[in-house]
Structures are given as C-alpha cells and as structure tokens.
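Listed here are the chains, written in short residue letters.
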Amino acid sequence: MIWLASFVALPPFLAAFAGMLSGPSLTRLLRGAPAGSPPGAGSPLRNGPALIACAPVAVSLVLSAIVAVAVWRDPGTRTGALTLVDTGSVPISVGLQVDGLAAVVGLMVCCVALAVQVFSVAYMSGDRRYSSYAAFISLFTSAMLLVVYSGDLIVLYVGWEVMGICSYFLIGHHWEERSSSRAAVKAFLVTRLGDVGFLLGVIVLGVGAGTFQIDRIVRTAGDLPQSTATAAALLLLAGVAGKSAQFPLHTWLPDAMAGPTPISALIHAATMVAAGIYVVARLYGVFLAAPTALAVLGVVAVVSMVGSACAALAQDDLKRVLAYSTISQLAVMAAGLAVGAESAAVFHLLTHAAFKALLFLAAGCVIVTAGSNMLAHYGGLRRGMPLTFWSMTVGFAALAGVPPFSGWFSKDAVIEAAQHAALHGGEVTSGGIAWLVYVGLLVTVVLTAAYAMRAWLMTFFGERRGTYEVRDPARILTWTVVALAVPAAILGFFGLGAPELRPQLGASLLSVLLLAVGAGGAFLAWNRDPALDPARALGPVRTVFARAFFVDELYAVVIVRPVQALARHVVQFDQRRVDATVLGTGRAAARLGGLVRFVQNGNPQTYLTGLLAGVALIAAAVVIFQ
Amino acid sequence: MHLAYPTVVAALLFSVGVYGVLARRNAILVLMSVELMLNAVNLNLVTFDVWYRDRLHGGQVLTLFTIVIAAAEIGLGLAIVLLVFRNRQMIDVDRLRALAEEAPDAAPRPAEGGTADREAGAEPAPEPEEASP
C-alpha cells in the first residue's frame, strides 16, 4: 500500500527530468514536428515532451485510483517509513502515510494534473519552451503528491518548497514580458514570507511533540502544552496563508494570472493553493488543541472571502475574476475548518478543484478564441462555442452553488456547520467567531452568485464585441473541458454518503434564496444595457473593488518602498563608507611611499653616489667596530 | 721600485674615474671616466703580477681580458650615446630622467581611472536592479 503510494508520486518526478533532458530528442526520434512549429503541426502522439508529460501522470492517476479504492474498502491509516534519519535530536522519518484524506486528495491531484497536461499539449503547442514547461508541471504534480502522501512534516516541507519554486518557474514562463517575471518574483517572495513561518511552525511542533511523524503528532496533540500548540498552529497558519493566498498574503495570486492559463488551473485547482488547506486538514488535531489559532483562521477567512468576492465583482479580466474567486472559495474552506467542519472543508476542496480546473481551462478556450483576457472583448460567445459554453455554465453554476451542482453540496455543508456552531455553540470556536463566519459565508454566497453571473453574462450573452471568428477551439482543448464538466456537475452526490455532508432543508433554502438575490441583482444590472459592464452599478465603490481595496498599493507604500529605500542606503553606505575605506588605505600607503620615493629621481649618478656612500660607510663601520 | 708608487697612482686614477662618473654631465666623459677606473685596475694587476713574480703571469693575462672587455664596453656605450644624441639632441646625463617613476597625482593610470572617478564624489544613486527569472 505504501509502496503503491510512493509509486504514485514517482512517475511525474522521473518524467520531469526525462522531459527536461530528452523531450525534444524524443520528438526527433518519433519524427514529429519540432518545438516551436506552428500549432496544429504534427500529431500529439509524435510530440516527445507531451508523451513524457501525459503518460506518467496517467499512470499515477491509475495508481492513485487503486490506492483510493483500497482505502475506501478498508479505511484506516497506513504508515510506512523508508528510513529513519537520525539527526541527533528529533529524528526525521522518510515515510508516507495514506488515509482517506490523502487518498481522495491524491486522486484529485492526479485527475486535475492529467487534465492540465492534456490541455497544455494543444494550448502550448506553438511554444518553444513547451518541453521545460511540461517538465515543470510534472515536477509540480509530484511535489504536490509528496505533500499529500507524506507521513512526516519534514518530507511534507520538501514537497511544499519544491512547489514554491515550480510555481515561480511556471508563472514566469513568459519571462520576456515584464509583468510575468514580476508576478513570478512576487509570488515567490510572498509565499516565501509565509514559508518562513511554516518552517518555524514545523520545528516548534516537532520539538514540542518529540517527533515529526504526522500521525503521532496528531495523536498526541492534546497532550502538548497550550502555548506550544498555539504557537505552532499560528506559525503554520502563516505558511498556509501564503500558499493558500489568504488575507494578508493573498496579493500574489491575482498577479500570478500572468502565467499561462493551464498553469492557473493547476495552481488554483489542485496543487499550490490546495496544499495550504490540506495541511490544516492533515494537522487538524493540532489546530483543535489551539482554539486561538482556529479563531484567527476564522477571522482571516471571513476577511478573505468577503473582500476577494467584492474584488471579483469589479475585475475586468476574466482570469482575475477567477483568481479572486479562488481566494474566496479557499477562504470558505478555511472557514469550514475554523468552525470544526473538517470533512465539509475537504469536500469543498475536492469540488472546488473540479469546477475551478474546469473554469480555468474553459477560460483558456475562450482566451484562445478571443485572443484577449478582457471581459469587455467577449460577449455573445454562446452561439459559436456551445461545448465551451455549456461546460463553463456548469462550472459557474457549481461555483455559485446552484443546486444540484457539486459546489452547492459542499458549500452548503460548510454553511450548515457554521450555522450549527453559531446557533448551538460550536465545540471548537467561540460563538462570536462562529457568528462572524456564518454571516461572512452568507454574504459570500450573494457576492459569489453576483460575480459568477456577471462573468457568465458578459462572456456568453449580449452582442459580440470583438472581430474574431467564434468557434470551439481544437478538439483536444474542448473535450478536456467537457470531461472536467462531468465531475464538476456530479461530484456533489458523493457527499450524500456521509451524514454530515447531506444538505439540510433550512440552510439549503436560505442559500438558494441568497443565490437568487445575488444572481438576480447581477442580471438586472446587466439587463439594463447588455453592452455595458454590470459592475458600473457599483458606482464609486467600483474602483475600490477593482483595485482589491488598494492592498497592493498599501503594501507598496508600507513595505516595498521602505525596503527599496533601505537598499539604496545600503548601497550608498557600501560605496561611500566601506569602499572608500578600502580605497583610502591604498591611497594612504601610496602617499606614504611617495615620501621616500623622492630619491628615485631618474639620475643614475645620484644612485651611484648613494651606492658609493653606502659602501664607504659600511667599510668605515667595519674598520672602526671590528 | 717600491710598491707604493704604482698603487698610489692607481688609487689616484681610480678616484679621478669615480669622480668623473659621479660628477660629469657629458655622457662621453662619463664613459672616459669608466675607462680611467678600468685602467687603474689594470695598473694594479700588472703591479702585483710583477711584485709576486707570478710564473703564469695571471695578472697580465687578466689585464688583456680587461682591455678587450673595455673595448667592447666602450663600443656599446658610444653606440648608446650616439642613439641618445640622435633622439634628444643632447647627451647630458643629468637630464636623462626616464628611469624616474612618474609623480602619483600627475596623471592617473588607466587602472586607477574608475576609482578616481568614483571618489570624485557626487556619484548618482544607482537605480535598483529589477530581478527577472
């Protein structure tokens, strides 16, 4: 079982190196079209990097499905350690742990990664760096699988960091463009900031519990001193906020839209941002032992979900709408965790992965067709591209929580748990926090419905605002999207198996009512003039929302500019003080030498005179003092 | 003949030669002074050869060597003086100062140019470099 789990993560890892080293040569071997040739040239089966990218992920998918089935038939935690690294204090066990959570999340990661790889074959076919791109996706996938299956915090941290660097390379794939390279640097720095806290949290937890093994930590979390558990949980939350783009560290995610669209799908649906929530779910025992950390998580989640939903309402870039909706939906999961609904949060993680991957890949189809990211350039696309339209409709419906699509089940489960905690007093959070989370969730439902409706209407309805030809793009793109639409539509019904995930009448009615309010509002605003952006109904707040409450500007003033000014001062200090001191010693020595150099005047007769005088002196001294 | 006479003459000759090398300005006269010194040495060699009644006459043989070397040296020396004269229209030893090291602040050498510029002060603050992947 453990061996099987390790073989799930292995093929993409090997594929990353194989693709990096020999992707193009395999293409030549298969006599396919070389990289960088125009799209459509050459069959995908003769594309070396594409084969190296897709086949191993497909193998991983099959293996992870076997793991999931095995865990489903025989639940329980299985751990296994390859070796125990003796560090002198707390040992590190290089091992994996498979339980229900890891199995389903691993299956989800493999599904989304395969969809993204297949989509990328066609989407990136004209790109000359496709080979390294696909290799980085493979590495990214294997790192995420390592995070999912790891049984030890240090091993988990390794995967966590590899994901960070892969996201940097993938977001900066088009590094010739300044916006891409800056977005990559920003994503790397911001997540790095969180990772510092995460590493410290891992160390605090490991030293406090005396082990880095996750199952033992979770089992003994109740025995930890209160201060240790709180400190560890808060430090871990810093890393989670960084990776999962929660409130103070969320600014990298919208900028990361500069990367290629399939990367956005991968980062947003399956890997990077899901890792943060997954880690909280994995170490939930620690968080249960630290109610303060859960309260902080709840407040952060409410701020993130409402704020980013407002921001999504006013974005004029389709991908940025989806990016802000990701922040918002992740915050919904975090809210579920904060009120103690672990399984509901994980359920929402899975359904979100399905519909967000669908939405991003469908957005990729729209972008390929329209040649633009801007909502203002779309309109009336439903007639030309029916497959994309219906798939994306399913995605938006699931995002907004329209019954009976998957998002409705999972979001309802979270809302219901929050309602229960607010009304009856939760076991893990105080009533105030639970009320805050509950109200935040309800507001988010309204806002989510509104921005999903707005994006949907502006993309597919009304008059066409561009001069491009509207038709469904290449078959491989469209059918990947259609294939993803199936889980996005029906995944919710799997939740009926668990009693805590079943929808309940009161909460469902309330959320459907709120959904209708939000969607109806957006529709009325749009219906007044379908040619214009419904966001204009927001009035003066629109700018504030569009700039996401000026958080970026605030950070620029408070952090970026002082740091740059400090750096300038350091450079000046280096040049004016340190360098000047070094150069000054050299000049002082030269001047000192100049004092005795006057005898070297270039006249050999003077030299000879000195020589003779010296000889005479020595001779005299020898004669006198002998 | 007493040994003192030739040795004193040789010492005087040598002193005159040293004075000439150290004090004359004309390069030809300096060369002539060198000859005087060499000949003082020759005189000594011959004197002591006679004084010790050396059977192999090592002193006289060495004198012949010295004379040959002196001839070669004066040939080279005069050639150098000629070339100097052709280049500079003078052969004043005092004014041939090419061996002197130039003054440190007169003209900075190229290697020091950068630092000299930088310490001149008021350099513009460098723009922060933008990193790129």
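Just so we're clear, the structure is a prediction, and the values are computed from it rather than from any experiment.

**Q** Explain the overall build of chain B to me, please; I cannot follow it from the model alone.
**A** Looking only at helices and strands, one finds four helices and zero strands in chain B. Taken from the N to the C terminus, the helices and strands of chain B come in the order α-α-α-α. In chain B, which comprises 133 residues, the proportion classed as buried is 20%. Sequence separation of 24 or more characterises 57% of the internal contacts of chain B that already satisfy a separation of 6 or more. Here chain B displays about 9700 Å² of accessible surface, and carbon together with sulfur accounts for 66% of that area.

**Q** Is there a simple way to explain the domain arrangement of chain A in this structure?
**A** Where interface size is quoted, it is often the accessible area lost as the parts come together. Split into domains, chain A comes out as domain 1 (298-538) and domain 2 (556-625). Just the C-alpha atoms count here: the centres of domain 1 of chain A and domain 2 of chain A sit 73 Å apart.

**Q** Just to check I follow, could you spell out the pattern of salt bridges for this structure?
**A** Side chains bearing opposite charge may pair, as long as their charged atoms lie close to each other. Residues and elements named next belong to chain A. Under the definition given, this model contains 13 salt bridges over all chains. For Glu 176, the salt bridge is made with Arg 129, and the minimal N-O distance between the two is 3.1 Å. Of this pair, Glu 176 sits in the loop between helix H5 (153-171) and helix H6 (178-209) while Arg 129 sits in the loop between helix H3 (100-123) and helix H4 (130-149); the two residues are 47 residues apart in sequence, bridging distant segments of the chain. Since its relative accessible area comes to 18%, Arg 129 is described here as buried. Here Asp 195 and Lys 243 are joined by a salt bridge, their closest N and O atoms 3.5 Å apart. Highlighted residues: Asp 195 in helix H6 and Lys 243 in helix H8 (residues 226-243), separated in sequence by 48 residues. Exposure remark for Asp 195: the relative accessible area of 1% places this residue in the buried category. Residue class for Lys 243 comes out buried when judged on its relative accessible area of 0%.

**Q** What is the right way to look at the confidence of the model for chain A in this model?
**A** Any segment with low pLDDT has predicted coordinates that should not be analysed in fine detail. Taken as a whole, chain A shows an average pLDDT of 85; of its residues, 97% reach a score of 70 or greater. Taking the mean pLDDT of every element in chain A, the minimum, 80, falls on strand E1 (residues 78-85) of chain A and the maximum, 92, on helix H23 (residues 604-625) of chain A.

**Q** For this particular structure, what's the right way to read helix H14 (residues 318-338) of chain A?
**A** Given 3.6 residues per helical turn, the α-helix brings residues three or four places apart onto the same face. Residues and elements named next belong to chain A. The terminal C-alpha atoms of H14 lie 30 Å apart, and with 21 residues this matches the ideal 30 Å at 1.5 Å per residue to within 8%. H14 sits mainly inside the fold: 20 of its 21 residues count as buried. Its side-chain oxygen placed 2.9 Å from the backbone nitrogen of Lys 319, Asp 317 serves as the N-cap of H14. Following H14 by one or two positions, Gly 340 adopts a phi angle in the positive range, close to 90 degrees.

Rules of the game
Residues numbered from 1 in each chain as written. Chains lettered and ligands numbered in written order. Predicted model: local features only at pLDDT ≥ 70, side-chain atom pairs only at ≥ 80, totals over all residues. Heavy atoms only, no water. Helix = DSSP H or I, 4+ residues; strand = E, 2+ residues; numbered from the N terminus. Buried < 20%, exposed > 50% of the residue type's maximum accessible area, 1.4 Å probe, protein only. Contact = heavy atoms within 4.5 Å. Areas by Shrake-Rupley, 256 points an atom, 1.4 Å probe, with all protein chains shown as cover. Domains from an automatic or database assignment. Salt bridge = Lys/Arg side-chain N within 4 Å of Asp/Glu carboxyl O. pLDDT = per-residue confidence, 0-100. Expected span 1.5 Å × (residues − 1). Polar contact = N/O pair within 3.5 Å; in protein donor to acceptor, adjacent residues only side chain to side chain.

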